Every structure is written in structure tokens, then in C-alpha cells.
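# Fold and contact review
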Amino acid sequence: MDKFAVLTSGGDAPGLNACINAVVHASAFYGHEIMGVESGYEGLVKNHFFPLKLSELGNINALGGTILKTSRSESFQTKEGRKQAFENLRKNEVKKLIILGGDGSLTGAQIFSEEYPEIGIIGIPKTIDNDISGTEFAIGYDTALNTAVRAIDNIRDTATSHNRVFIVEVMGRDAGYIAYGTGLATGAEGILIPETNMDMVYLTGQIQKHIEKKKPLVIVVAEGDESGGAFSVSKKLKEIIPEREIRVSILGYIQRGGAPSAFDRILATKFGVWAVQSLLEGKSNVMVSSISGKIKHTPLSQVQKRKMKISSSALEMLEICTF
Ligand code: F6P
């Protein structure tokens with residue numbers, strides 16, 4: 001009987017708890033003990049391990065955040081930190097480790113796995129930004145998308161009532177997945193994402209087109225867009241349409257919290273079970289992921305930040321929907 005451990009690293013994302021729940025269930029089902037590590041890699045380095053017992057877990061599937069807590073650890077980025085982490089795993093007799101993380105955390109997992117191959121390591125992709133290569137969906141994206149859509153629908157009411165122009169900034173440090181999805185879902189009059197070079201020229205065109213119709217406008221901007229974000233778009237728009245009332249709304253961290261959607265809970269549950277099964281099959285140094293609903297194993301060395309590819313049909317879709 002091997003002892004497993006699980007940790008969550010990097011920014012939190014809705015669905016982490018459903019995944020932890022599945023990991024604990026699968027470990028118990030296959031007769032293995034499992035420990036939680038508090039606050040991600042930091043807990044590995046500081047030896048913050050505790051038993052995760054199915055009988056004591058309760059139902060955590062509906063909870064946002066992570067019951068294990070999370071952090072972005074600096075000490076684990078050093079060789080000494082990782083050595084300490086390995087020694088702590090040995091002290092706790094843990095042979096297999098499951099890491100829920102984004103691309104940065106999974107790169108850390110790969111380095112650790114290559115330095116200490118005696119520890120079986122499986123990564124699970126999570127980030128609301130959905131920008132991890134090797135998987136269609138990461139845990140948290142669907143919920144964040146739905147949260148942002150609900151928020152923009154509310155903003156639309158004010159925009160319509162006051163005939164205002166709203167610039168709404170959604171998360172996505174490097175990728176436009178949330179902005180593209182929310183823009184289409186809410187019928188935004190403009191969508192600014194880092195993957196297109198539809199910057200102010202596009203926006204000016206959009207504004208002029210829509211302004212003639214005297215419509216309230218909602219422009220969705222990705223946090224990582226080259227325009228510099230909602231405030232800088234608003235500043236530029238003021239020069240083009242000084243007569244219109246312009247408001248900025250930055251959705252921010254509301255997108256990271258809240259009860260996970262059914263989609264995220266199911267995805268997270270599958271990832272959790274697949275991770276335990278993969279470890280039991282002897283797999284290591286890989287990320288479990290989902291392509292067309294089927295399990296896939298991607299070597300951690302190939303996991304990187306995914307650039308959203310905006311195909312010509314996706315671009316056409318954007319142009320049609322914001323026309
Ligand atoms: O990676 C997810 C994300 O929410 C980004 O969209 C955002 O830029 C970033 O995390 C914020 O991270 P932090 O928790 O460090 O403020």
C-alpha cells in the first residue's frame with residue numbers, strides 16, 4: 001500500500017475541491033492512504049502534511065477555493081527547497097504526489113520529478129485562464145466564464161437604462177479565452193483579446209458604427225490585451241466620443257471564486273480519479289488531461305502556457321457577432 005499526497009498550487013480556481021474529493025475517494029477505493037499538503041509547494045518545503053480521511057471530508061464539491069489552501073512558493077523554486085520537500089515526503093512515507101496547478105506549477109512539478117524520480121508525480125491542469133497546453137479545458141475556466149457572463153448581463157441592464165458605454169475587463173493575464181467566450185455569450189459590441197491585432201482601429205470602427213445607432217455599448221477587454229486594459233481603452237474612447245457617458249468595470253477576483261459549475265465539477269472529478277489510476281498504473285511525470293472527453297497523458301516537459309489560436313473562422317465569428 002503506497003501513501004499518496006495531494007496539493008494545490010498557484011491561483012485558486014473553482015472546482016479544486018471537487019478534484020480533491022475525487023482524489024480522496026479514488027485513493028480510498030483502491031485502498032491507499034492519502035495526505036493533504038497545506039498551501040501548495042510551500043507546505044511541502046515546510047512539512048505541512050495532514051491525513052485526508054474520506055470519513056471526515058464531508059461534501060466539498062460545491063465549495064469554491066481550495067480546502068488545502070494554495071500559494072505561489074518561492075522556496076520550491078530553489079534546489080535546496082526542493083531537497084527539503086523531498087526529505088519531507090520521505091519523512092511522511094509519501095511515494096506518490098498529485099499536483100493541481102497551472103503551467104508554472106506544472107513546470108515546477110516536472111523539475112522536481114526529474115530531480116527525484118523515485119516519487120511518482122501526476123499533474124492536473126487548473127486555471128480560470130484556460131491557457132495550459134495539452135488539454136481542451138482546465139479546471140475553473142467554465143465557472144469563471146459563467147460568473148463573468150452573469151456579471152456582464154447585469155452591467156448590460158445599467159448600460160441600457162442609461163444609454164452608457166461600458167468597458168468591462170475580464171481576467172486572462174496572457175490569454176483571451178474568458179474575454180472571447182464572455183463577449184460572444186453576452187452579445188458584446190466589441191471584444192478585445194491579446195490574440196488579435198484588433199486594437200483601437202477596430203474599436204474606433206465599432207464605436208462609429210454603433211454610435212450612429214445611439215445604442216448602449218458593452219466592450220469586453222481581456223486583462224492581457226495590448227490596449228492596456230479597460231481604463232486605457234476608456235481614456236482613448238473619451239477622445240473619440242466625448243459626448244457619451246463611459247464607465248469602466250473590472251470584474252477581477254469575483255471570477256476566481258464561487259461554487260463551481262456542473263461542468264467544472266465533472267471535469268475535476270474525472271481528473272482526480274484519472275490521476276490516482278494513472279499513478280497506480282505506474283505513470284509519472286505526466287499531466288492528465290481531457291481531449292474530446294477522453295483521458296490523455298501529456299509529459300510534464302511538454303506542458304506550457306497555451307496561446308489561444310484564433311482561427312479565421314473564430315475571427316469571423318467575432319466580427320459577425322460584434323457587427
Ligand atoms: O491565472 C489566473 C489569474 O486569475 C489571471 O487571470 C490573473 O492575472 C492572475 O491569476 C492574478 O493572480 P494573483 O492571484 O497573483 O493576483
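Residues numbered from 1 in each chain as written. Predicted model: local features only at pLDDT ≥ 70, side-chain atom pairs only at ≥ 80, totals over all residues. Heavy atoms only, no water.

Within an unreviewed UniProt entry, the label attached to the protein reads ATP-dependent 6-phosphofructokinase, and the organism entered is Christiangramia fulva. Its UniProt record gives the protein a comment under Subcellular location (unreviewed entry), which states: "Cytoplasm". Among the UniProt annotations of the protein, the heading Function (unreviewed entry) holds the following wording: "Catalyzes the phosphorylation of D-fructose 6-phosphate to fructose 1,6-bisphosphate by ATP, the first committing step of glycolysis." (UniProt positions renumbered as here; feature names shortened; annotations may be inferred.)

## Looking at the site of the ligand
Neighbouring the ligand are Arg72, Thr127, Ile128, Asp129, Met171, Gly172, Arg173, Glu223, Tyr253 and Arg256. Here Arg72 contributes a side-chain N or O atom positioned 3.0 Å from an oxygen atom of the ligand. Within the side chain of Arg256, an N or O atom sits 2.9 Å from an oxygen atom of the ligand. Within the complex, the protein chains bury 79% of what would otherwise be the 400 Å² of accessible surface of the ligand. Looking at the shell around the ligand, its residues break down into three nonpolar, two polar and five charged. (Near = heavy atom within 4 Å. Polar contact = N/O pair within 3.5 Å; in protein donor to acceptor, adjacent residues only side chain to side chain. Areas by Shrake-Rupley, 256 points an atom, 1.4 Å probe, with all protein chains shown as cover. Nonpolar A, V, L, I, M, F, W, Y, C, P; charged D, E, K, R; others polar.)

## Quick look at helix α1 (residues 16-29)
Helix length check: α1 (14 residues) gives 20 Å between terminal C-alpha atoms against 20 Å at 1.5 Å per residue, within 8%. Among the residues making up α1, those that are buried are Leu16, Asn17, Ala18, Cys19, Ile20, Asn21, Ala22, Val23, Val24, Ala26 and Ser27. Tucked inside the fold, the buried residues of α1 contact β1 (3-8), β2 (33-37), α3 (54-57), β4 (94-101), β5 (120-125) and α10 (262-280). Positioned one or two residues after α1, Gly31 has a phi angle of 80°, which is positive. (Helix = DSSP H or I, 4+ residues; strand = E, 2+ residues; numbered from the N terminus. Expected span 1.5 Å × (residues − 1). Buried < 20%, exposed > 50% of the residue type's maximum accessible area, 1.4 Å probe, protein only. Contact = heavy atoms within 4.5 Å.)

## Examining the sheet that holds strand β11 (residues 294-299)
Sheet strands pair via backbone hydrogen bonds, and the direction of the pair is either parallel or antiparallel. Spatial ordering of the open sheet is given by β3-β2-β1-β4-β5-β10-β11, a layout of seven strands whose pairing is mixed. In the strand order of this sheet, the two ends are held by β3 (49-51) and β11, each with one partner. Direction aside, neighbouring strands of the sheet carry axes that sit 30° apart on average. Pairing between β2 and β3: three bridges, direction antiparallel. Looking at the pairing, Gly36 lines up with Phe50 of β3. (Pairing = 2+ DSSP bridges. Axes fitted to C-alpha atoms, helices over the stretch in contact; angles between N-to-C directions.)

## Regarding the pairing of β5
For β5, the tally of buried residues reaches six of six residues, placing the bulk of the element in the interior. Residue alternation in β5 divides its side chains into two sets, Gly120, Ile122 and Ile124 and Ile121, Gly123 and Pro125, and both sets are buried. Handedness of the β4-helix α5 (residues 103-115)-β5 crossover: right-handed. Here β5 runs beside strand β10 (residues 286-291); their pairing, made up of two bridges, is parallel. Counted as the bridge partner of Ile122 is Val286 from β10. (Right-handed = clockwise from strand over helix to strand, strands pointing away.)

## Re the UniProt feature "binding site: Mg(2+)" (unreviewed entry) in the protein
The residues that UniProt annotates with the feature "binding site: Mg(2+)" (unreviewed entry) are Asp103. In this structure, Asp103 sits in helix α5. Given a relative accessible area of 19%, Asp103 falls into the buried group. Once residues lying within four places of it in the same chain are set aside, the contact partners of Asp103 are Ile132, Gln304 and Lys305.

## With respect to the nonpolar core
The biggest cluster of nonpolar side chains holds 45 residues, and the ones touching the most others in it are Ile167 and Leu237. Counting only elements with at least two residues in this core, the list comes to α6 (141-162), β6 (165-170), α7 (177-186), β7 (190-192), α8 (200-212), β8 (217-222), α9 (230-240) and α11 (312-321). Sort the elements by how many residues they give to this core and α6 lands first, with eight residues. Beyond its immediate chain neighbours, meaning those up to four positions away, Leu237 contacts Val165, Ile167, Leu203, Ile207 and Ile246. If you look at the next biggest cluster of nonpolar residues, it comprises 28 residues, including Ala18, Val24, Ile60 and Ile98. (Core = buried A, V, L, I, M, F, W, Y, C linked by side-chain atoms within 4.5 Å.)

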